[in-house]
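Structural description and commentary
So the chains spell out like this:
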Amino acid sequence: MKIIFIGAGNIASALIGGLLRQGISSDDLHAIDPSAGARKRLNKRYPIETSKAASSIVENYDALILAVKPQVMKKAIEPLAPWLSTQLIISVAAGIRLADISRWLNGYSHVVRAMPNIPALVGVGATGLVSLHSADDADQALAERVLRVVGEIIWCEDESQIDAVTAISGSGPAYVFYFIEAMRNAACELGLNDKQARALVLSTFSGAIQLAAQSDEFSGILLERVVSEGGTTAAALQSFEADNINKAISRGVSAAYTRAIQIGVTFGKQ
Ligand SMILES: NC(=O)C1=CN([C@@H]2O[C@H](COP(=O)(O)OP(=O)(O)OC[C@H]3O[C@@H](n4cnc5c(N)ncnc54)[C@H](OP(=O)(O)O)[C@@H]3O)[C@@H](O)[C@H]2O)C=CC1
Ligand SMILES: O=C(O)[C@@H]1CCC=N1
């Protein structure tokens with residue numbers, strides 16, 4: 001399974017790091033990025049070959065992962081067209097639709113959209129996948145093989161669902177880091193030092209997530225088990241409710257979803 005990345009930034013690095021950790025050979029990976037800085041940063045961490053521009057080298061790979069910003073996607077992929085025959089294209093860009101990618105590649109049919117997330121770096125990513133109707137079973141099987149290496153995958157029935165995946169699990173790690181930062185700051189305000197705060201907050205997140213994952217019960221039930229009537233947790237939850245935190249989270253996720261759609265419409269017009 002030979003994979004070439006177009007774009008060597010944050011998500012490409014996470015996927016490359018994850019693939020290498022899970023035993024994929026560095027000889028089977030390559031990254032193309034015009035930014036010398038991005039290539040240097042990648043090579044400092046991982047011993048894979050890089051190039052600054054697309055070339056016939058693309059013909060030697062089974063899958064191309066498009067990991068550039070949505071606004072440069074058209075410009076980044078148009079030069080690839082002459083070297084495509086049966087290779088699988090996997091775009092991880094937010095918003096950009098399958099039909100636009102295929103059109104920019106002169107009607108190329110072997111295209112899958114994937115929305116991975118940054119924990120792929122440590123093998124516990126979550127990826128949503130959706131394919132062009134013209135993509136065949138072999139394309140879907142290869143996309144699955146690539147992304148399963150770095151975590152869970154789910155297939156979406158229609159393309160609009162991938163924008164929801166983007167808003168939930170694509171952007172989601174940032175929401176969790178935001179919550180972790182808020183808890184760490186709160187801990188320090190209460191007099192714990194930074195080391196204590198970090199240890200307690202990370203263990204609490206990790207412990208609660210493992211418990212939820214290993215339990216048959218909904219997290220709402222698990223939540224009730226922590227709450228004592230008239231106790232400390234109830235005081236915190238009442239304060240969260242008064243601040244409408246639940247609704248605020250829902251509005252934030254919805255803003256991400258709307259933005260994914262806008263990105264698709266705006267940059268797909270090119
Ligand atoms: N970050 C994340 O957690 C996730 C990101 N994504 C998606 O992945 C894509 C990349 O995001 P991210 O990695 O964060 O972005 P980055 O900006 O970190 O990486 C993109 C890289 O692509 C380079 N680039 C620009 N033009 C080209 C080109 N023509 N050919 C090859 N490379 C090029 C950029 O160089 P330069 O900086 O010089 O422009 C940059 O190094 C986005 O579309 C995003 O929606 C999806 C899931 C999660
Ligand atoms: O913020 C973004 O647009 C990308 C998509 C999901 C995570 N990062």
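Note that the coordinates shown come from a computational prediction; the quantities given were computed from them, not determined experimentally.

**So, the overall build of the protein chain**
When helices and strands are counted, the protein chain shows eleven helices and eight strands. Seen through its C-alpha atoms, the protein chain measures out along the principal axes to roughly 70 × 35 × 30 Å. Scored against the burial criterion, the 270 residues of the protein chain give a buried share of 40%. Accessible area for the protein chain stands at about 15000 Å²; split by element, carbon and sulfur atoms hold 55% of it. Distance from the positive charge centre (24 side chains) to the negative charge centre (26 side chains) of the protein chain: 10 Å.

**Some remarks on the site of ligand 2**
For ligand 2, the full set of nearby residues is A94, G170 and S171. The fraction of the free accessible surface of ligand 2 (240 Å²) that becomes covered by protein chains is 45%.

**Looking at the packing of aromatic side chains**
Taken as a whole and judged by the stated rule, the model has one aromatic pair. Seen in terms of ring centroids, F179 and F205 are 5.8 Å apart; in terms of plane orientation they differ by 75°. Their pairing is edge-to-face. Of this pair, F179 sits in helix α7 (residues 172-189) while F205 sits in helix α8 (residues 194-214), and the two are 26 residues apart along the sequence. Of the residues examined, F179 reaches a relative accessible area of 36% and is grouped as partly exposed. According to the relative accessible area criterion, F205 is buried, its value standing at 18%. A cation over an aromatic ring shows up here: K2 above the ring of Y61, its NZ or CZ 5.2 Å from the ring centre.

**Things to note about the domain arrangement of the protein chain**
Taken domain by domain, the protein chain comprises domain 1 (3-162) and domain 2 (172-259). Placing the centre of domain 1 and that of domain 2 at their C-alpha centroids yields a distance of 33 Å.

**Quick look at the site of ligand 1**
Taken together, 22 residues are adjacent to ligand 1, and N10, I11, D33, V68 and A94 come closest. At 3.5 Å from a nitrogen atom of ligand 1 is found a main-chain nitrogen or oxygen belonging to G7. A total of 880 Å² of accessible area belongs to ligand 1 in isolation, and the protein chains cover 73% of it. The class makeup of the residues in the shell around ligand 1 is 16 nonpolar, four polar and two charged.

**A word on the side chain of D139**
Mapped onto the fold, D139 is located in helix α5 (residues 137-148). Despite its burial, D139 pairs with no opposite charge, the nearest such side chain being R145 at 11 Å. Those residues in contact with D139 that lie beyond four places of it in its chain are L88, H110 and V112.

**A closer look at the UniProt feature "domain: Pyrroline-5-carboxylate reductase dimerisation" (unreviewed entry) in the protein chain**
As recorded in UniProt, the sites labelled "domain: Pyrroline-5-carboxylate reductase dimerisation" (unreviewed entry) are residues 159-261. This span, residues 159-261, is 83% helix and 0% strand, and a straight line between its end C-alpha atoms measures 11 Å.

**Observations concerning the UniProt feature "domain: Pyrroline-5-carboxylate reductase catalytic N-terminal" (unreviewed entry) in the protein chain**
According to UniProt, the feature "domain: Pyrroline-5-carboxylate reductase catalytic N-terminal" (unreviewed entry) maps to residues 2-95 in the numbering used here. As a span, residues 2-95 carries 29% helix and 20% strand, and end to end its C-alpha atoms are 26 Å apart.

Scoring rules and cut-offs
Residues numbered from 1 in each chain as written. Chains lettered and ligands numbered in written order. Predicted model: local features only at pLDDT ≥ 70, side-chain atom pairs only at ≥ 80, totals over all residues. Heavy atoms only, no water. Helix = DSSP H or I, 4+ residues; strand = E, 2+ residues; numbered from the N terminus. Buried < 20%, exposed > 50% of the residue type's maximum accessible area, 1.4 Å probe, protein only. Areas by Shrake-Rupley, 256 points an atom, 1.4 Å probe, with all protein chains shown as cover. Lys, Arg positive; Asp, Glu negative; His and termini not counted. Charge placed at Lys NZ, Arg CZ, Asp CG, Glu CD. Near = heavy atom within 4 Å. Phe/Tyr/Trp six-rings, centres within 6.5 Å; stacked < 30°, edge-to-face > 60°. Lys NZ or Arg CZ within 6 Å of the ring centre and 35° of its normal. Domains from an automatic or database assignment. Polar contact = N/O pair within 3.5 Å; in protein donor to acceptor, adjacent residues only side chain to side chain. Nonpolar A, V, L, I, M, F, W, Y, C, P; charged D, E, K, R; others polar. Salt bridge = Lys/Arg side-chain N within 4 Å of Asp/Glu carboxyl O. Contact = heavy atoms within 4.5 Å. UniProt positions renumbered as here; feature names shortened; annotations may be inferred.

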